[in-house]
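# Analysis of the macromolecular model
In case you want the letters, here they are:
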Amino acid sequence: MAIIPAEPYDFTFDPASIALVIIDMQRDFVYPGGFGEVLGNDTSLLLKAVPPTEKVLEAARKAGLYIIHTREGHRADLSDLWPAKKARGRLKTTIGEEGPMGRILVRGEHGHGIIDELKPRPGEPVVDKPGKGAFYATDFSELLKSRNIRQLIVCGVTTEVCVTTTVREANDRGYDCLVLDDCVASYFPEFQDYALRMIKAQGGIFGWVSNSAKALPVLEKIRSKKSGGQRPARRRAAE
Ligand code: TIU
């Protein structure tokens, strides 16, 4: 077992049954011209989560952790886009319409893609989700069950929308979630603060909160143990 110092108390996990989940690190949210900006947000606020998440992703890869990426977006024909979601906000430009990075929040468009810094590698599943939570209308649950995953380390954007929705969905399905506070970001600093406080309040009602500085040394120790010969050959070959 490994232990990451966290709030409201230490987070204990078995590296074999934990996954790193990186939520919606897509150009559509973190760069101008995408969905985040058409909603009226300053997308630059999300960029500060990128360097620490890169470090955690790299350490998780070296540790041999199961890694899953998610993307929010819709089919090109928008058949999985609820009219309520399309209409929300009374936006001038909305989901499915052309923007500078292609059709907004549509699968396969440049804006829908995960940013280069956090590009998924072969063997790291990418879950395409039409909603905010990773469980709704996806095979996320089946992917976790197939690997006997019980705990999640969660990074991504935005803290109070897709990250929190996923953490709450996971909590009700019996998963422990550890959120790294510098690896998640919001367009609203006060929502970032309160969303994280809501997760860890009441004895960790939805999970645990820590940060990359505390998680990295723990992940790096797992790496050194595995490089001592325990890592399965299948994983070595995939790198
Ligand atoms: N608007 C906002 O803060 N977020 C989203 O619409 N999606 C995600 O959080 N991924």
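Now for a look at the structure at hand. (Residues numbered from 1 in each chain as written. Predicted model: local features only at pLDDT ≥ 70, side-chain atom pairs only at ≥ 80, totals over all residues. Heavy atoms only, no water.)

### As for the pattern of salt bridges
Note the threshold: Note on definitions: salt bridges are taken to be side-chain nitrogens of Lys or Arg within 4 Å of carboxyl oxygens of Asp or Glu. Strands here mean DSSP runs of E at least two residues long; helices mean DSSP runs of H or I at least four residues long; both are numbered from the N terminus. For every residue, the accessible area obtained with a 1.4 Å probe (protein chains only) is divided by the maximum for its type, and the residue is called buried under 20%, exposed over 50%, and partly exposed between those limits.
Using the criterion set out here, one finds 12 salt bridges in the structure. Salt-bridge contacts for Lys-200 lead to Glu-7; the nearest nitrogen and oxygen are separated by 3.0 Å. Of this pair, Lys-200 sits in helix α7 (residues 189-204) while Glu-7 sits in the loop between β1 (2-4) and β2 (11-13); the two residues are 193 residues apart in sequence, bridging distant segments of the chain. Its relative accessible area of 22% is what places Lys-200 among the partly exposed residues. Arg-121 serves as the salt-bridge partner of Glu-58, at 3.8 Å between the closest nitrogen and oxygen. On the criterion of sequence distance, the pair formed by Glu-58 in helix α3 (residues 50-63) and Arg-121 in the loop between β6 (102-103) and β7 (126-129) is long-range, its members being 63 residues apart. Arg-121 sits in the partly exposed class, given a relative accessible area of 39%. Each member of the salt-bridge network shares a partner with another, and the members are Glu-58, Lys-62 and Arg-121.

### Considerations on the packing of aromatic side chains
For clarity, the cut-off: Stacked, edge-to-face and tilted are the three classes for Phe, Tyr and Trp ring pairs, Trp counted by its six-membered ring, which pair at centre distances within 6.5 Å; planes under 30 degrees apart are stacked, over 60 edge-to-face, the rest tilted.
By the definition in use, this model includes seven aromatic pairs. A centroid spacing of 4.8 Å and a plane angle of 70° characterise the contact between Phe-135 and Phe-140, whose relative ring orientation is edge-to-face. Side by side, Phe-135 and Phe-140 carry an identical accessibility label, which is buried. Arranged with centres 6.0 Å apart and planes meeting at 40°, the rings of Phe-135 and Tyr-175 form a pair that is tilted. With Phe-135 in the loop between β7 and α5 (140-146) and Tyr-175 in the loop between α6 (159-172) and β9 (176-185), this residue pair connects regions lying 40 residues apart in the sequence. Grouping residues by exposure puts Phe-135 and Tyr-175 together as buried. Members of the aromatic cluster, each reached through a chain of ring pairs, are Tyr-9, Phe-11, Phe-13 and Trp-208.

### Concerning the packing of α6 against α7
Condition: Each axis is a line fitted through C-alpha atoms, taken for helices only over the stretch in contact, and angles between the N-to-C directions span 0 to 180 degrees. Roughly parallel here means an angle under 35 degrees, roughly antiparallel means over 145, roughly perpendicular means 65 to 115, and every remaining angle is called oblique. The contact definition used throughout considers only heavy atoms, calling two residues in contact when any of these lie within 4.5 Å. When residue character is reported, Ala, Val, Leu, Ile, Met, Phe, Trp, Tyr, Cys and Pro are called nonpolar, Asp, Glu, Lys and Arg charged, and the others, Gly included, polar.
Two elements in contact, α6 and α7, have axes separated by 10 Å at closest approach and are oriented at 10°. One finds that α6 runs roughly parallel with respect to α7. On α7, the residues touching Thr-159, Glu-160, Thr-164 and Arg-168 of α6 are Phe-191, Gln-192, Ala-195, Leu-196 and Met-198. Of the residues belonging to the contact of α6 with α7, the class tally is four nonpolar, three polar and two charged.

### Section: the sheet that holds strand β3 (residues 18-23)
Put simply, the test is: What makes two strands pair is DSSP finding at least two bridges between them.
Strand order in the open sheet made by the six strands is β7-β4-β3-β8-β9-β10, with parallel pairing throughout. Each having just a single partner strand, β7 and β10 (208-210) make up the two edges of the open sheet. The average undirected angle you get between the axes of adjacent strands in this sheet is 25°. Where β9 meets β10, three bridges bridge the pair, whose relative direction is parallel. Residue pairing in the sheet places Val-179 in a bridge with Val-209 of β10. Here α6 sits on the sheet in contact with β3, β4 (66-72), β7, β8 (151-157) and β9, set at roughly 165° to β8. Contacts between α7 and the sheet are confined to β9 and β10, with β9 contributing the most and set at about 165° to the helix.

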